[in-house]
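Fold and geometry: a report
Okay, here's what each chain looks like letter by letter:
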Amino acid sequence: DREQQPIEIFNKRFIDTKHFHARQCDLSNSESLTLSQFNLDTVFCVNALERTASDSMALQHIHDLLSQEGYAIFLVPALPRLSKWLDPTGAVRHRYSKSQILQKLDQHRFHVVDHFYFNSMGLFFPSHRTYLDRRSMIDRLAANWNIWETKIRPPLGRSLVVIARKKLPARG
């Protein structure tokens, strides 16, 4: 992640997990390659790829960091046509259609194992937390809605979840 607070939360939550490492870095920067010392079998890239200066460079670095047959799990913002409405601050540099992210992953030698939309309710209430109390009716509704999303995958959502595996080199 590029922000320290999520890193601290993850490290506290998984303090007793021997093979878990959360680090603050910019994956589009070659300095992130120092993470290769951990022999990573899985990379979680949650709400980070879209904020990098170069998502292509970040994908290349993730691929390079993963061990052979390693997995990368991405949560990225979806629906580029709604960028200004969903992100009025402009903090998100890249927003992806399903076909765009799948194509980018293929170009960077990933095999997509699964993908689905997530947070369909966020399309209707994109920034409700900025002006509503945390215990609002919308938050209670969203919790129930998320249970529904785990049972029936929505046709659209504010985000895309993509599970990909590093492609093995072609056998010759």
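Because the structure is a prediction, the values reported are computed rather than measured. (Residues numbered from 1 in each chain as written. Predicted model: local features only at pLDDT ≥ 70, side-chain atom pairs only at ≥ 80, totals over all residues. Heavy atoms only, no water.)

If you tally the helices and strands in the chain, you get 5 helices and 4 strands. Written out in order from the N terminus, the α and β elements of the chain read α-β-α-β-α-α-β-α-β. When burial is assessed residue by residue, the chain has 36% of its 172 residues classed as buried. For the chain, long-range pairs separated by at least 24 residues make up 75% of all intrachain contacts whose partners lie at least 6 apart in sequence. Looking at the chain as shown, the accessible area adds up to about 11,100 Å², and 54% of this sits on carbon and sulfur atoms. (Helix = DSSP H or I, 4+ residues; strand = E, 2+ residues; numbered from the N terminus. Buried < 20%, exposed > 50% of the residue type's maximum accessible area, 1.4 Å probe, protein only. Contact = heavy atoms within 4.5 Å. Areas by Shrake-Rupley, 256 points an atom, 1.4 Å probe, with all protein chains shown as cover.)

Under the definition given, this model contains 4 aromatic pairs. Judged by centre distance (6.4 Å) and plane angle (25°), the ring pair of phenylalanine 10 and phenylalanine 14 falls under stacked. Residue phenylalanine 10 is classed as partly exposed on the basis of its relative accessible area, which comes to 41%. Judged by centre distance (6.2 Å) and plane angle (90°), the ring pair of phenylalanine 74 and phenylalanine 110 falls under edge-to-face. (Phe/Tyr/Trp six-rings, centres within 6.5 Å; stacked < 30°, edge-to-face > 60°.)

With that settled, consider the sheet that holds strand S4 (residues 159-166). Spatial strand order, S1-S2-S4-S3: 4 strands in an open sheet with mixed pairing. In this open sheet, the two edge strands, each paired with only one partner strand, are strand S1 (40-46) and strand S3 (110-118). Pairwise comparison of adjacent strand axes, ignoring direction, gives a mean angle of 10° for this sheet. Strands S1, strand S2 (66-77), S3 and S4 of the sheet are contacted by helix H2 (residues 55-65), whose axis makes an angle of about 145° with S2. (Pairing = 2+ DSSP bridges. Axes fitted to C-alpha atoms, helices over the stretch in contact; angles between N-to-C directions.)

Attention now moves to the nonpolar core. As a rule of thumb, nonpolar side chains are buried together in soluble globular proteins. Of all hydrophobic cores here, the largest spans 25 residues; its most connected members are Leu49, Ile62, Phe74, Ile101 and Leu105. Ignoring any residue separated from it by four or fewer positions in sequence, one finds leucine 49 in contact with Asp55, Ala58, Leu59, Phe74, Val76, His94, Tyr96 and Ile101. (Core = buried A, V, L, I, M, F, W, Y, C linked by side-chain atoms within 4.5 Å.)

Fair warning: the whole summary comes from geometry, so function is off the table for now.
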